[in-house]
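Coordinate inspection notes
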There are 2 protein chains.
Amino acid sequence: MEIIKGGVTAAAGFEAAGVEAGIKYQNRKDMALVYSQTPCKAAGVFTSNMVKAAPVIWDKEIVEHSAYAQAVVVNAGIANACTGSEGYACCKKTAQAAAECLNIPEDAVLVASTGVIGMQMPIDKITAGVKKLADAKKDTMEAAQMAAEAIMTTDTVDKQAAVTFEIGGRTVTLGGMCKGSGMIHPNMSTMLCFITSDIAISRELLQEALREDVKDTFNMISVDGDTSTNDTLIVLANGLAGNPEVVSRNEDYEKFRQALHYVTMTLAKKMAGDGEGATALFEAKVIHARTKEDARILSRSVVSSSLTKAAIFGHDANLGRAFCALGYAGVAFDPDQVDLYLENEDTSLPVYRGGVMLSYSEEEATRILSSPEVRILADMKMGDAEAAAWGCDLTYDYVKINADYRS
Amino acid sequence: MEIIKGGVTAAAGFEAAGVEAGIKYQNRKDMALVYSQTPCKAAGVFTSNMVKAAPVIWDKEIVEHSAYAQAVVVNAGIANACTGSEGYACCKKTAQAAAECLNIPEDAVLVASTGVIGMQMPIDKITAGVKKLADAKKDTMEAAQMAAEAIMTTDTVDKQAAVTFEIGGRTVTLGGMCKGSGMIHPNMSTMLCFITSDIAISRELLQEALREDVKDTFNMISVDGDTSTNDTLIVLANGLAGNPEVVSRNEDYEKFRQALHYVTMTLAKKMAGDGEGATALFEAKVIHARTKEDARILSRSVVSSSLTKAAIFGHDANLGRAFCALGYAGVAFDPDQVDLYLENEDTSLPVYRGGVMLSYSEEEATRILSSPEVRILADMKMGDAEAAAWGCDLTYDYVKINADYRS
C-alpha cells in the first residue's frame, strides 16, 4: 500500500467540483459534486439518530435499492433536517436536477447536507448550484480540493486522504474526503465522508468492509458527544482499475480493507484533531482489556470526558479525571490493577499504578500535555483486546463557536 | 408540609460546624461536621463509578454493617480518591479522631471528601480539624450555614433546604445540605449531600425511600457528564421527633417521602443551577413517553447535550440541537409525532411540530433563552410517563474553571 496525495478524484474515472451557490454562507464555496464517469457500486453507513435528515433517508433508499450510484451532491450551510416532506422533496429535486445535467438516472444520485437543523433549503439556489457543479467538474487533484473545501462548515482545514495498492497486477486507488468539527460523536458513521475507488468488488463485500471498518474508525471519535442527524459515509467503487473482481474474503479483500482502513482512520483523526475550537488531538488508548467491546467503551469514555478535555486544554496534569472516566464507563474492572500513562510521540510517563496516583514530574507532564497530539494509555491487565478513540481538548473557542453558530 | 429556613441542624438533636483546616485551600472553611446528640439510623447511596474514593468505601461499610451512625466529617480540597491503602487508612484515622472527641464509636463516624483526585490527605491537618469541629459544633442555623459553606469547592453559593410535616400529632423536621458544581452526572447519587431528620423510621424504609427518590432527583441532573468517584448521599434519622415509628408503607411513609423529595429536589436543582460557570438553570422535561425509563433517558439526553447547552449560553434559539439530542438518546420514537416547546416561567413557545421546525419569533425565543430558568418540553404522544432532568448552560467559565482547577 502506498500513500499518495489527493482525495475523491485520485481513483480512475472520478471527477469533482466545488462551487459557490450562496445557500447560506456568502463568498465561499458551499456545494460539492463527486461524479463517476461510469456506474458505481455504492455502500453506506448512516446516523443511528432517530431524527434522520432528509438526505439520509434519500441515500439509504439508493444504497439499498438502486442498481448503482454515479454522483453525490453535497451542500454546506443547511442540514435539511427536521424539514418534513418539503425537505425530502428537495432531495428529489436536487437529484432530478443532477440527473438531467449529468445524463444519469435520478436514482443514481446521492445527496448530503450539513449545517443548521430545522431550516428549509432554498431549492432554486440548489438547482442553480447543481448546474454550476456539472459544468465545473474535473478529474484533477485541484477539483478534489475545491470539493473538500466546499463541504466545510466550522472545519478549519479540508480533510482528504488517498492510497494505492495492487490486486492481480493492477493498481487500485482509493481516496476520500470528509468534513466534521462539531456535533461529532458518530454512532454508525460520521458527519459527512465520501470515499471513491476504482476497485472492482462485489456490492456485498463493499458494504461489509465499510460496516466493519467504522467500528474502529469513525465510531471511535468524539468532539462533543452529540450524534448528528446527518452522519453519512459513502463509498463508491466503479471498477475501472480492471482488477479481477473481489468476490470473496480472500487476500485481495484484506488488501482493500487495509487501504480502506488507512483512508478512514486518517480522515477520522483529521476530524477529531480539527474538532471545534480544538488545540490538540487527544487519543485514549486501552490495552489488555477483556474484550474488544470493553476496550472500545473504555477508550470512548475517556476521550469524551469534558473535564479531562478541559484539563488538556489547560495543560494541567489532572489525570485523576481520566481515571475517573474509565470508572464510569460501565465496564467492570479492579482499579488497583490498572496502569495509566500520559504519552506523546516520544515520551511515556507512568501516572497511576497499584491503586494510587504516582508522584510524577509536573514539568514533564505539562511538556507532554503541550504537544499537538496527547495520548492517555490505560493498561487494564485483564485480557488481549485493545482499542483507541480520538477526540480533542475542550476550549473557550468550542463554547464561542457553539453559543452563536447560526449568526 | 411546610418549607422552613435552615439545613442540617433544623431537625431536633442535630449540631454542625464548619472550620478552617488549611487542607488545600487557604483562608476559607474547608472542613465540616454533622453530629447527632443521639444515635441515628443511616441510609446512603454512593457513586456507581468503578473507581470509588476511600471515604465511599468506608461509608458503604458503615451504612451496611454498623448498628448506627452519629457523625459525618467532611473535607473540601482533596477527594481522597486514587489514594490506595494510605487513603483508606486516613478515613480510619479521621473516624478515630472524631470518635475520641465526640465520645462515640469509631464505626458510627461517616467521612466524605471532595476535591482533587489522586492527592494524599494531610492527616495531621485533618485530625487537628476534627478537634476544632468538635469544639465548634452547635445546633443553630448559623452552624448549619458554616458547615454548608465549608463543603463548597467550585460552588458559588451554599445549598440548603428544610421542611417540617406532621406524623401522629408530632412535628417532624427534615433538612439537608449539598455541594456540587463540576463532575456532576450522578449515577446513584451526587457529589456530596447530607440530610438529617428527627423522624423515627425503620432503617429498611429509610434506605428504600432514599433509593427510590434519587431516581427522579439527583440521578436526573447533569453538569458535564462526568460521574464522580466521590458521589455520596447520606440521610441520618435520630427519632427525636417522638412520632410513632414508621415501619410500613403507610400514609406516614408517604408524608416522609414527599418531604424527602422536596428537600432532595430543591438541593438537586440548586446544584444544577450552580453548575460550573453556569448562567442559567436548564430543565428538559419529557411528557407522554411510553415508560418512565424512556422519559428519564430522553430528558437526560437533552439536558446533557453540549451543543444545546452552548446555544442556551448564547441565547441562540438553535433548537434543532435539542431535537437532535432526543434522537440519539437510544429510545425509539417517530420524529413526525413529537411536539417541542421552548419555555420559561411565563411563556410556552411551540418550536417543532409535525416533523418540521416551526417559524417562531426569534425575538420571543431569545427573550425566553435569557431567563434564569430555561425549559425545553418534549411531548412524545406515546403514553402517560413523564420525567424531567436539570442541568445548566455551557460557558467560557466552565472551560476556564476546569482548564486549571488544581492551581
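Residues numbered from 1 in each chain as written. Chains lettered and ligands numbered in written order. Predicted model: local features only at pLDDT ≥ 70, side-chain atom pairs only at ≥ 80, totals over all residues. Heavy atoms only, no water.

1. Overview of the overall build of chain A
Check the secondary structure of chain A and you find eleven helices and 15 strands. Computed over its C-alpha atoms, the radius of gyration of chain A comes to 22 Å, within 12% of the 22 Å expected for a compact globule of 407 residues. Projected onto its principal axes, the C-alpha coordinates of chain A cover approximately 70 × 55 × 35 Å. Taken over 407 residues, chain A has a buried fraction of 64%. In chain A, 81% of the contacts between residues at least 6 apart in sequence involve partners at least 24 apart. Here chain A displays about 14000 Å² of accessible surface, and carbon together with sulfur accounts for 49% of that area. A distance of 3 Å separates the average location of the 38 positive side-chain charges in chain A from that of its 54 negative side-chain charges. (Helix = DSSP H or I, 4+ residues; strand = E, 2+ residues; numbered from the N terminus. Rg over C-alpha atoms; globule rule 2.2 N^0.38 Å. Buried < 20%, exposed > 50% of the residue type's maximum accessible area, 1.4 Å probe, protein only. Contact = heavy atoms within 4.5 Å. Areas by Shrake-Rupley, 256 points an atom, 1.4 Å probe, with all protein chains shown as cover. Lys, Arg positive; Asp, Glu negative; His and termini not counted. Charge placed at Lys NZ, Arg CZ, Asp CG, Glu CD.)

2. Observations regarding the packing of aromatic side chains
For any pair of aromatic rings, the description rests on two quantities: the centre-to-centre distance and the angle between the ring planes. All chains considered together, the criterion is met by six aromatic pairs over all chains. Taking the centre distance of 6.4 Å and the plane angle of 75° together, the rings of B:Phe323 and B:Phe333 count as edge-to-face. On the criterion of sequence distance, the pair formed by B:Phe323 in helix 9 (residues 320-327) and B:Phe333 in the loop between helix 9 and strand 11 (339-343) is long-range, its members being ten residues apart. In this structure, B:Phe323 and B:Phe333 share a single accessibility class: buried. One aromatic cluster is present, formed by A:Phe323, A:Phe333 and A:Tyr352 through successive ring pairs. (Phe/Tyr/Trp six-rings, centres within 6.5 Å; stacked < 30°, edge-to-face > 60°.)

3. Quick word on the sheet that holds strand 14 (residues 373-379) of chain A
Residues and elements named next belong to chain A. Read across the open sheet, the six strands follow the order 13-12-11-14-10-15; overall the sheet is mixed. Each of the sheet's edge strands pairs with one partner strand only, and the pair in question is strand 13 (356-357) and strand 15 (385-392). The sheet contact formed by strand 10 (residues 281-289) and strand 14 spans seven bridges and is parallel. If you follow Leu281 over to strand 14, its bridge partner there is Glu373. (Pairing = 2+ DSSP bridges.)

4. What about the sheet that holds strand 13 (residues 356-357) of chain B?
All names here are of chain B. In space, the six strands of this open sheet follow the order 13-12-11-14-10-15, with mixed pairing throughout. The two strands at the open ends of the sheet, each matched to only one other strand, are strand 13 and strand 15 (385-392). Sheet topology note: the strand 10 (residues 281-289)/strand 15 ladder contains seven bridges and is antiparallel. Directly across from Lys285, in strand 15, lies its bridge partner Ala388. Across the face of the sheet, helix 6 (residues 251-273) comes into contact with strand 10 and strand 15 while running at roughly 45° to strand 15. (Axes fitted to C-alpha atoms, helices over the stretch in contact; angles between N-to-C directions.)

5. With respect to the side chain of A:Gln70
Residue position: A:Gln70 is located in strand 4 (residues 69-78). Sequence-distant contacts of A:Gln70, that is, excluding residues within four places in its chain, are made with A:Val34, A:Tyr35, A:Ser36, A:Gln37, A:Thr38, A:Pro39, A:Ile104 and A:Ala108.

6. Thoughts on the pairing of strand 7 (residues 170-179) of chain B
All names here are of chain B. Most of strand 7 sits out of view: eight of its ten residues are buried. Here strand 6 (residues 159-167) runs beside strand 7; their pairing, made up of nine bridges, is antiparallel. Bridging from a neighbouring strand, Ala161 pairs with Gly176 of strand 7. What sits between the antiparallel neighbours strand 6 and strand 7 is a turn of two residues, in which Gly168 has the positive phi angle 55°.

7. Let's talk about the confidence of the model for chain A
Residue and element names in this part refer to chain A. Of the residues in chain A, 96% reach a pLDDT of 70 or more, and the chain-wide mean stands at 90. Element-level pLDDT for chain A is lowest in helix 11 (residues 396-403), with a mean of 77, against a maximum mean of 98 in helix 3 (residues 123-136). Note on the complex model: pTM 0.80, ipTM 0.73. (pLDDT = per-residue confidence, 0-100.)

8. A word on the pattern of salt bridges
Residues and elements named next belong to chain A. This model, assessed by the stated rule, comprises 36 salt bridges over all chains. Residue Lys137 pairs with Glu15 through a salt bridge whose shortest N-O separation is 3.4 Å. Taken as a pair, Lys137 in the loop between helix 3 and helix 4 (141-150) and Glu15 in strand 2 (residues 14-19) lie far apart in primary sequence, 122 residues in all. Looking at Lys137, the relative accessible area reads 22%, which means it is partly exposed. Classification of Glu15 by relative accessible area gives buried; the value is 11%. Two residues, Lys29 and Glu149, come together in a salt bridge whose shortest N-O distance is 3.0 Å. With Lys29 in the loop between strand 2 and strand 3 (31-46) and Glu149 in helix 4, the pair connects residues that are 120 residues apart, well separated along the chain. (Salt bridge = Lys/Arg side-chain N within 4 Å of Asp/Glu carboxyl O.)

9. Focus on the interface of chain A and chain B
Counting residues at the interface gives 56 residues for chain A and 56 residues for chain B. Buried area between chain A and chain B, both sides added, is near 4300 Å², and the carbon and sulfur share of it is 61%. For the interface between chain A and chain B, the tally reads zero salt bridges. Remark: the boundary between chain A and chain B carries ten residue pairs in polar contact (both at pLDDT 80 or more). Going through the elements one at a time, helix 8 (306-313), helix 9 (320-327), strand 13 and helix 11 of chain A are the ones with two or more residues in the side of chain A that touches chain B. With six residues, the top contributor of residues to the side of chain A that touches chain B is helix 11 of chain A. Partitioning the side of chain A that touches chain B into residue classes produces 28 nonpolar, 19 polar and nine charged. (Buried area = accessible area lost by both parts, 1.4 Å probe. Polar contact = N/O pair within 3.5 Å; in protein donor to acceptor, adjacent residues only side chain to side chain. Nonpolar A, V, L, I, M, F, W, Y, C, P; charged D, E, K, R; others polar.)

10. A closer look at helix 3 (residues 123-136) of chain B
Because an α-helix packs 3.6 residues into every turn, residues spaced three or four apart end up facing the same way. Residues and elements named next belong to chain B. For helix 3, which comprises 14 residues, the first-to-last C-alpha distance of 20 Å matches the rise-based estimate of 20 Å (1.5 Å per residue) to within 8%. Those residues of helix 3 that sit buried are Ile126, Thr127, Gly129, Val130, Leu133 and Ala134. One face of helix 3 carries all of its buried residues, which in axial projection span an arc of 155°. In this structure, helix 3 carries Asp124 and Asp135 as exposed residues pointing more than 90 degrees from its buried face. Taken together, the buried residues of helix 3 touch strand 2 (14-19), strand 3 (31-46), strand 4 (69-78) and helix 2 (84-102). (Expected span 1.5 Å × (residues − 1). Arc of directions from axis to C-beta.)

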